[in-house]
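Reading the structure
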Amino acid sequence: MSDRKLPRLLQTPAVLLLLIWMLVPLGMTLYFSFIRYVLNNLRRPEWTSPSLSNWRGFGNYEFVLNSKDFVLAIQNSLFIVCSILFLTVILGILIAVLINKTFPGQGIVRVLLISPFFVMPAVNAVLWINMILDPVLGLQGIAVAGVNDMLDGLRQMPVLGSFFSLWPEFEPISFRATQTSAIAVIMMVTWQWTPFAVLIFMTSLQSEDQQQKEAAVLDGAGTWSQFRFLTLPHLGRPIAIVVMIQAIFHLSLYAEIEIVSRGNGNKNLPYLIGEFANNNIGAASATGIFAVILANIVAIFLLRMVGKTLME
Amino acid sequence: MSFGKALCAASAIALMSGSAATAESLTIAIVNNGHMINMQKVAEAYTAETGVELNWVSLEEGVLREQVTSDTATGGGQYDIINIGMQEAPIWGAAGWIEPLTFGTDYDVDDILPAMRNGLSHDGTLYAAPFYGESSMVMYRKDLTDAAGVSIADNDSWENVKAAAAAIHDPDNGVYGACLRGKPGWGDNMAFITTVVNSFGGAWFDKDMKPTLDSAEWNAAINFYVDLLGNYGPPGSEGNSFNEILALYNEGKCGMWIDATIAASFLEVDGVAYAQSPNAGNPVGANWLWAWAMAIPAGSPNAEAAGAFIEWATSKDYVQAVGNHPDFGWGAVPTGQRASTYAIPEFQAAAGFAAAELAAIDSAAPAATDLKPYVGVQFAAIPEFPEVGSAVAQEMAAALSGAKSVEDALAASQDAADSIMREAGYYD
């Protein structure tokens with residue numbers, strides 16, 4: 001046993017540093033979440049600086065739990081993360097399999113496919129919501145207006161006109177509305193992160209055992225069977241990694257939500273924290289603790305999943 | 001140490017050479033609006049004249065507010081001069097976070113429009129000097145109203161305005177009757193919605209500072225707003241604020257727009273006419289009042305130099321400097337702050353909206369009244385207002401999108417506002 005003492009002793013500074021690195025911010029957040037700390041409350045100046053005499057117990061937690069959008073924020077956090085994960089994994093596998101074969105212009109296609117990943121999140125959101133999804137000046141609005149114009153023209157035709165006049169006019173969709181803003185965010189983030197999934201899956205496909213595939217072909221296995229029984233199991237580990245890394249990133253989405261709808265009908269826990277942090281640091285900290293709990297629950301599931309595939 | 005020594009050396013040299021210039025520098029946090037961006041260039045002359053170095057920190061409105069609030073509240077001392085608005089000035093003055101301003105007689109404080117002076121003061125002391133100010137008014141396409149045979153008068157009734165919007169509404173040809181703010185935010189959709197509510201006789205809080213969003217006036221006003229914008233507005237109105245509507249208007253998509261007077265100077269469409277905001281008969285008025293102003297955080301070590309700069313940047317001379325500047329000219333001078341600006345012939349020639357703007361600003365009344373027991377027109381000058389306003393703003397956007405009924409949205413707004421005010425300790 002004594003021969004392990006020295007290495008442990010040598011590790012201590014690093015371990016201590018890591019502990020401080022993590023524990024100090026967490027401890028501060030915990031402390032703030034139990035006291036009254038409101039930046040600019042003029043009626044109660046004693047609340048404007050953090051102090052133990054403003055101890056509030058679970059009052060901040062109660063305020064956050066009862067606040068209008070808390071439940072929405074949790075639901076929406078999970079809804080956004082799960083939808084993006086589902087879409088990126090499916091799209092990622094499809095595209096990766098598609099471009100895995102050699103074809104002319106392969107290099108250019110691959111570079112184009114990867115490029116969305118290098119767009120900054122805020123730029124991504126501004127680009128999508130203003131230039132693509134805008135119902136009047138964006139691509140969507142222009143396309144809908146064009147289709148309606150075309151229908152108008154067809155209605156003027158002598159015989160077929162009466163048939164087309166039964167068709168309805170198309171209405172552009174407002175993606176900043178309460179009902180659709182979460183979908184807009186899912187769309188733009190999926191666009192941005194699918195390349196990441198493609199990249200990981202493509203690398204993995206290249207390491208697929210070709211001899212096994214040839215054997216399968218000789219045994220008369222169709223393309224679907226090859227994909228189902230050889231490729232998919234082979235992709236198990238990369239899927240787990242994509243899911244885990246993306247879940248971590250998408251639980252903390254902020255810029256897209258702010259730019260698309262300013263939280264209208266679509267906010268997650270980080271956004272709720274941001275709203276409180278303008279003034280009520282106590283409530284923001286309590287929300288932060290809730291976010292840590294949520295992230296840990298998600299992490300437990302993910303780690304199990306990843307652990308399982310890594311064991312296999 | 002070496003920097004301090006260099007500074008000593010520099011000031012010693014400056015003293016020895018007998019120059020009045022000192023090695024002073026000011027850090028100024030500004031909002032990234034056109035007039036402020038221009039100021040960075042105009043102020044090069046100020047640096048050349050006085051030797052005061054100016055470091056600009058230009059931020060987006062929301063970010064600036066966050067930065068400046070936390071810096072001021074915690075006494076961070078990052079900035080020597082900060083850009084604040086009418087919502088903050090009286091509160092921060094009362095809290096002692098910003099220095100009271102005193103100016104020489106040349107500055108002519110009485111020349112500052114009374115509405116601006118009142119809105120930026122607390123207990124009769126000026127705490128922030130207005131750099132530019134604005135109210136709101138109706139801007140409409142005279143060609144469209146003439147073609148439709150309707151007209152919009154000053155302080156028209158809302159019913160007439162709606163009838164005019166309906167008459168010019170022609171979505172098949174890409175023209176929408178009314179473009180109004182719908183994007184959630186206390187300075188976005190709520191700025192406009194509050195003026196509608198004011199004009200219907202409603203207010204944010206009663207005399208005990210309890211929110212009154214469940215009142216009949218709010219209900220009538222929001223129903224009207226949702227109906228007008230929902231039927232005669234462009235699709236996607238819940239995403240439109242000042243900049244988005246300006247783009248739509250300049251694309252020829254808007255028949256009528258009720259928004260900040262400052263918009264008039266950016267309109268590139270011909271045949272725009274102006275009218276004072278519609279009113280449902282309430283004396284408080286239906287147009288808002290806002291100023292971007294400059295203030296000095298309390299305890300700034302460079303308070304004296306900061307005061308001198310503010311005195312220059314908000315003076316009559318500054319207006320002249322912008323007007324005569326080769327890069328800007330009279331169309332780009334900051335407006336809405338001084339009465340004398342409106343008397344300058346070159347400005348009158350460049351700004352067709354000047355008379356309507358001045359009338360709108362003069363008619364706005366920020367002071368507390370029986371009807372509206374708080375300072376502010378399209379906001380309440382209390383620290384909790386941004387929180388309350390943002391929460392309500394999202395509900396209003398939900399009502400506009402049709403995700404919620406107006407009644408449900410107002411009930412949720414009342415609950416949220418009540419819980420924020422209770423949390424802040426206004427009542428138990």
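Now for a look at the structure at hand. Since the model is a prediction, treat every value here as computed from it, not as a measurement. (Residues numbered from 1 in each chain as written. Chains lettered and ligands numbered in written order. Predicted model: local features only at pLDDT ≥ 70, side-chain atom pairs only at ≥ 80, totals over all residues. Heavy atoms only, no water.)

1. Concerning the overall build of chain A
For chain A, the helix and strand inventory stands at 13 helices and zero strands. Taken over the C-alpha trace, chain A has a radius of gyration of 26 Å; the compact-globule value for 312 residues is 20 Å, which it surpasses by more than 25%. Judged by the C-alpha coordinates and their principal axes, chain A covers about 85 × 65 × 30 Å. For chain A, the residues scored as buried account for 42% of the 312 residues in total. Look at the contacts in chain A between residues 6 or more apart in sequence, and 68% of them connect residues 24 or more apart. (Helix = DSSP H or I, 4+ residues; strand = E, 2+ residues; numbered from the N terminus. Rg over C-alpha atoms; globule rule 2.2 N^0.38 Å. Buried < 20%, exposed > 50% of the residue type's maximum accessible area, 1.4 Å probe, protein only. Contact = heavy atoms within 4.5 Å.)

2. A closer look at empty space enclosed by the protein
Residues and elements named next belong to chain B. Inspection of every chain in the model, using the stated rule, returns four cavities of 30 Å³ or more. Computed from the structure, the largest cavity encloses a volume of approximately 60 Å³. Across the lining of the largest cavity, the residue classes break down as three nonpolar, three polar and three charged. Lining of the second largest cavity is provided by Leu64, Arg65, Val68, Thr69, Asn83, Ile84, Gly85, Glu88, Trp92 and Trp292. (1 Å grid on protein atoms, 1.4 Å probe; cavity = no way out; pocket = protein on both sides within 12 Å on 5 of 7 lines; lining within 4 Å. Points joined across faces, edges and corners; volume = space filled by probe spheres on them. Nonpolar A, V, L, I, M, F, W, Y, C, P; charged D, E, K, R; others polar.)

3. What about the packing of helix 16 (residues 385–401) of chain B against helix 17 (residues 406–423) of chain B?
Residue and element names in this part refer to chain B. As a packed pair, helix 16 and helix 17 sit with axes 9 Å apart at the nearest point and diverge in direction by 170°. Taken together, the axes of helix 16 and helix 17 lie roughly antiparallel to each other. Relative to helix 17, the crossing made by helix 16 is right-handed. Mapping the contact onto sequence places Glu387, Val388, Ala391, Val392, Glu395, Met396 and Ala399 in helix 16 and Val406, Ala409, Leu410, Ala412, Ser413, Ala416, Ala417, Ile420 and Met421 in helix 17. (Axes fitted to C-alpha atoms, helices over the stretch in contact; angles between N-to-C directions. Parallel < 35°, antiparallel > 145°, perpendicular 65-115°, else oblique. Left-handed = near helix turned anticlockwise from the far one by under 90°.)

4. A closer look at the environment of Phe131(B)
All names here are of chain B. Tracing the backbone shows Phe131 in strand 6 (residues 129–141). Classification of Phe131 as buried rests on a relative accessible area of 1%. When the C-alpha positions of Phe131 and Ala89 are compared, they lie 13 Å apart, and in sequence the two are 42 residues distant. Contacts of Phe131, omitting those with residues within four sequence positions, involve His35, Met36, Met39, Trp292, Ala293, Met294, Ala313, Thr314, Tyr318, Pro334 and Gln337.

5. Examining the state of the cysteines
Residue and element names in this part refer to chain B. Going through the model one piece at a time under the given rule, you end up with one disulfide over all chains. One disulfide in the model links Cys179 with Cys254; its S-S distance is 2.0 Å. The sign of the -90° torsion about the S-S bond sets the Cys179-Cys254 disulfide as left-handed. With Cys179 in strand 7 (residues 176–179) and Cys254 in strand 8 (residues 254–260), this pair connects stretches of sequence that are 75 residues apart. Comparing Cys179 with Cys254 shows no difference in burial state: the two are buried. (Disulfide = S-S within 2.5 Å.)

6. What to know about the pairing of strand 9 (residues 272–276) of chain B
All names here are of chain B. Here strand 9 lies mainly inside the structure; four of its five residues are buried. One ladder, built from five bridges, connects strand 6 with strand 9; its direction is antiparallel. In the sheet register, Tyr140 faces strand 9, and the bridge partner there is Ala273. (Pairing = 2+ DSSP bridges.)

7. Structural notes on the pairing of strand 1 (residues 25–31) of chain B
Residues and elements named next belong to chain B. For strand 1, the buried fraction is high: six of the seven residues fall into the buried class. Here strand 1 pairs with strand 2 (residues 53–59) via seven bridges, running parallel. Bridge pairing links Ser25 to Glu53 in strand 2.

8. Observations regarding the interface of chain B and chain A
Listed per partner, the contact involves 41 residues of chain B and 32 residues of chain A. For Arg36(A), the salt bridge is made with Glu423(B), and the minimal N-O distance between the two is 3.9 Å. Viewed at the interface, chain A and chain B are joined by 14 residue pairs in polar contact (both at pLDDT 80 or more). Counting residues per element, the ones that place at least two in the side of chain B that touches chain A are helix 4 (61–73), helix 5 (88–95), helix 11 (242–250), helix 16 and helix 17 of chain B. Counting residues per element, the side of chain B that touches chain A draws most heavily on helix 16 of chain B, at seven residues. Counted by class, the side of chain B that touches chain A contains 19 nonpolar, 11 polar and 11 charged residues. (Salt bridge = Lys/Arg side-chain N within 4 Å of Asp/Glu carboxyl O. Polar contact = N/O pair within 3.5 Å; in protein donor to acceptor, adjacent residues only side chain to side chain.)

9. Observations concerning the layout of surface pockets
The computed volume of the second largest pocket comes to approximately 660 Å³. What lines the second largest pocket is a set of 31 residues, and nearest its centre among them are Pro172(A), Pro171(B), Asp172(B), Tyr176(B) and Pro235(B). Secondary-structure elements contributing two or more residues to the lining of the second largest pocket are helix 6 (139–155) of chain A together with helix 10 (216–232) of chain B. Counting residues per element, the lining of the second largest pocket draws most heavily on helix 6 of chain A, at seven residues. Within the lining of the second largest pocket, the residues separate by chemical class into 13 nonpolar, 11 polar and seven charged.

Honestly, that's just the spatial picture; any functional story needs more than this.
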